[in-house]
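Chain and residue survey
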Amino acid sequence: MTSTSMIERELRSAVEGEVRFDQGSRTIYATDASNYRQVPVGVVIPRDANDVVAAVAIAREHRVPILPRGGGTSLGGQGCNAALVIDFSKYVNAIRSIDIERRLAVVEPGVVPTRLNAELAPHGLFFAPDPTTKDRCNIGGMIGNNSCGAHSVAYGKTADNLHALDVLLYDGTRMRLGGNGDITASGARATQLIAELRVLGDRFGDLVRARYPRIPRRVSGYNLDQLLPENGFNVARAMVGSEGTLAVTLEATLQLVPLPRRRALVVAGFDDVFVAADHAPSILDYQPHAVEGFDGRLVEFVKLTGMHLEQLRLLPPGGGFLLVEFGGDRDDEVRGRAESVRERLTRSAGCTGAVAYFDEREQRAVWTLRESGLGSSAFIPGFPRTYPGAEDVAVAPERLGAFLRRFAALLNRRGLEVASYYGHFGDGCVHTRINFDFESRAGVVNFRSTMEELADLVVEFGGSLSGEHGDGLARSELLPKMFGPELIGAFREFKRIFDPDGMMNPGVIVNPHPLDSHLRIEAERPPPALDTHFDFTPDGGFAGAASRCVGIGKCRKLDAGTMCPSYMATMEEAHSTRGRARLLQEALSGSSFAVGANAEEVREALELCLSCKGCKRECPAGVDMATYKAEFLAHYHEAHRRSPGEWLFGRIADFARLGAMWPRAANGLAQSGAGAAMMRALFGIHRERALPRLAPQTFRAWFDGNRIQPTSGAREVVLFPDTFNNFFEPEVAIAATHVLDRAGFRVTIPPTDLCCGRPLYDQGMLDVARRRLQRVLDVLTPYVQRGVTIVGLEPSCILTFRDELLRLFPDDSRARALSQSALLFDEFLARDAPNFAPATIGRPALIHGHCHQKAVAGIASEVTMVKECSSAQVTELDAGCCGMAGGFGYARDHFEISHAIGERVLLPAVRGSAPDTLIVADGFSCRAQIAQFCPGRRAMHLAQLLDLATTPA
């Protein structure tokens, strides 16, 4: 048997791209978004099609199976295998061409559909299939699964939107496949293949016509129906939905459709989700573009998690809901159909209200609520964990309501319950997650029995086991119930024609693995207990917290938001929130965490985590990698020494306090000459970075010497002088003092220096951080007890009192009280000074929100205040993280990625703005990053802007 080291060596010599056989990479690629886990032989990240050809040739020589992979978001387990994984997402993602006249786009398999549609939009075209994962899944994966999405009612599945495929077979044959038997390839292989496919189609044609469900969403099994003459003997479309079991897709030619110029959305409430499903078919006569449904449990989960709360106001009352979208070129035509449906549903039995939305922002808000179903229902504190597997059933739309009632009765008999019903009701497709028990053998037995009984129910209703997500390991074993033994034989023959050696993603669709094999959670093998600094009790411990990640890959998006900045810059799975969570899960399942076999892999993956907390806000499953990183590092450094740079930036408050005694000398040492060179070498600081300059006078010193006479009867407010605005930029705190005074408040500060410990968390110095917070509680509690608000300027500092404080002191009533009394500067003014009216400056403004501010508090009130100050255009940048993130951007090894993160949106936006534009950034690090890479531009804190706007003439 060939050794993996030999295969690795040969791949490295033949492939220009990246070859990964290390334990960490194999762990990361061992799972997808399903219940399954299979450790791959290795991973190849090809640069181009030539790399793919070379990798497959080497795999063939050594009899190694192949698994093509894109975004890794498959829910059926088809995205993991004991094979050589070929990951197309990082490099093989070019949009080759767009033919506007013929409405065709030629793309590589790693293209993300939202990116493709962004390029198509100016031409009035789009690629129609739009699964919920459209901002991170790959076109190749959509072809593999025959993905659909919300708009399949109007546009069909991926197969219906495919023109041609360029594929590579395991034997090395490269072919271009189209319709009407169009196959282009050299040699006899193509002639043989097309002849065998015609025989197969003729032989099994009548059985296909008889046994294939006549429903919109039949995704299970192979598309043998595409080989029938009435469907044009379309071999390319027959390949769609084959889940990587036949060939590797190298290029796809996609059919495009006109982009609707106008849209309208009707939202209707019903007594329950079953009644909602009953009404979905009646809407199809109005030619909607989408008919989606979900139940009241999803609304309940939104309230519990606090995510998407603002969208709930757009829903009518009800226990079940339908979203009906209309699209077209004329506003009156779209509005007319929407109003007709709204009126019809309003008069329908069981409807609790219906409303039509024509504003695009309101429509998008409602869609965000619906699309949150997959992740937000995975883990809800106080509810059992739920899993996929039975989540992808499709029946005829007119039978969906009856099916759901029987489905619910089945689960009730089995002692199971769903998290939430949601899905594409206009196509008869429903998704849900179920509280299967994979941690006991009895639970696994119940899982198998439930799946078997569900398959029988699906067959009874003439449905499909999969309506979108594919068969994978979850459903392949059940396909004989749906198709019968003869068609299963046809499936085997179909695979043999393309893959006679059975080496393409084996164990899926034909000759399947048992559905209860390769489960990711091992029955009755709980992870070892671990004493933690943070309180992970609501998650069932640290292992439970890491397991919040269900693999849906929202952290792999590239087009918007903050999560995950290091992935956006590197496109490396290991540097996504999901990749880090996978490694943590693996490490926490071992006998030793801090010094276990996976500790170094975890540390390396967390090395580029900026602790931005973007995942805390944007991950539908609520993964909080900043907290996990701090906890991991606390344990890791029990056995590993910290570097001098980690000590410096972790304890920056101590060094700043010391340096402030002799600021000129400290700055001279750190900023220039031999001293600066020595500091950079000792602390690992990049040569292009300079340590922040200490102010000649601290804010505390200024405040003590400039007591402002308060207005008589003014209400007291405590301004919290954090490390950065006390020692480095006191002008920010001075401006805030002026503004608060003009707003009618009596400003005080704590009687002694306090530190929230924010930099300590990033280095895992949690024992020290806890002592700092204990001191904060001792000093600030008397103010809180008097009803005095604590106002902060540095978002990452003041918001520590609303995040880390509660997890380090979960049972301390003082901590809860402080968390409720700590507000950002803009929050306080919005709440307690609603009549405060700054003058209009009349200059355009760019607002860069701090990551922690967006994750924990939001920036709506800040945006409002900036708009009040500016009579010109105000732009709230969707820039994500600035890339500096405290001490992160100073490190020699982090400089390039720090710069790359900033260059994604923020830095070009600043440089491209008009010279008189006000740049508003409340984060100390954000302002430093802008100063570094945008010479001549100065960012200011909101307090400085308001000070400027309220300074008397």
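The rules we used
Residues numbered from 1 in each chain as written. Predicted model: local features only at pLDDT ≥ 70, side-chain atom pairs only at ≥ 80, totals over all residues. Heavy atoms only, no water. Phe/Tyr/Trp six-rings, centres within 6.5 Å; stacked < 30°, edge-to-face > 60°. Helix = DSSP H or I, 4+ residues; strand = E, 2+ residues; numbered from the N terminus. Buried < 20%, exposed > 50% of the residue type's maximum accessible area, 1.4 Å probe, protein only. Pairing = 2+ DSSP bridges. Patch = residues over 30% accessible without salt bridge, like charges linked within 9 Å, V, L, I, M, F, W, Y side chains within 5 Å. Areas by Shrake-Rupley, 256 points an atom, 1.4 Å probe, with all protein chains shown as cover. Salt bridge = Lys/Arg side-chain N within 4 Å of Asp/Glu carboxyl O. Axes fitted to C-alpha atoms, helices over the stretch in contact; angles between N-to-C directions. Parallel < 35°, antiparallel > 145°, perpendicular 65-115°, else oblique. Left-handed = near helix turned anticlockwise from the far one by under 90°. Contact = heavy atoms within 4.5 Å.

Considerations on the packing of aromatic side chains
- Within the structure shown, the criterion is met by 28 aromatic pairs.
- Summarising the aromatic geometry, the rings of F403 and F407 are spaced 5.8 Å apart at their centres and angled 40 degrees between planes, so their arrangement reads as tilted. Here F407 and F403 lie together in helix α14 (residues 400-413), a separation of four residues that amounts to about one turn.
- Residue F403 is classed as buried on the basis of its relative accessible area of 0%.
- For F407, a relative accessible area of 1% corresponds to the buried category.
- With 4.9 Å between their ring centres and 75 degrees between their planes, F436 and F447 make a pair best called edge-to-face.

Let's talk about the pairing of strand β22 (residues 789-792)
- Here β22 shows two buried faces, one formed by T789 and V791 and the other by I790 and G792.
- Examined bridge by bridge, strand β20 (residues 715-720) and β22 share four bridges and lie parallel to one another. Paired with L719 across the strands is V791, a residue of β22.
- The pairing of β22 with strand β23 (residues 822-824) spans three bridges and is parallel. Residue pairing in the sheet places V791 in a bridge with L823 of β23.

A word on a nonpolar patch on the surface
- A surface patch of nonpolar side chains, about 370 Å² in accessible area, is lined by L658, M661 and W662.
- Note that M661 resides in the loop between α25 (652-659) and α26 (663-671).

Quick word on the packing of helix α21 (residues 599-607) against helix α23 (residues 625-636)
- Relative orientation of the contacting elements α21 and α23 amounts to 135 degrees, with a least axis distance of 11 Å. Judged by the inter-axis angle, α21 sits oblique to α23. As for the relative orientation of α21 and α23, their crossing is left-handed in sense. When α21 is examined against α23, the residues A599, E600, V602, R603 and L606 are found in contact with a partner set consisting of M625, K629, F632 and Y636.

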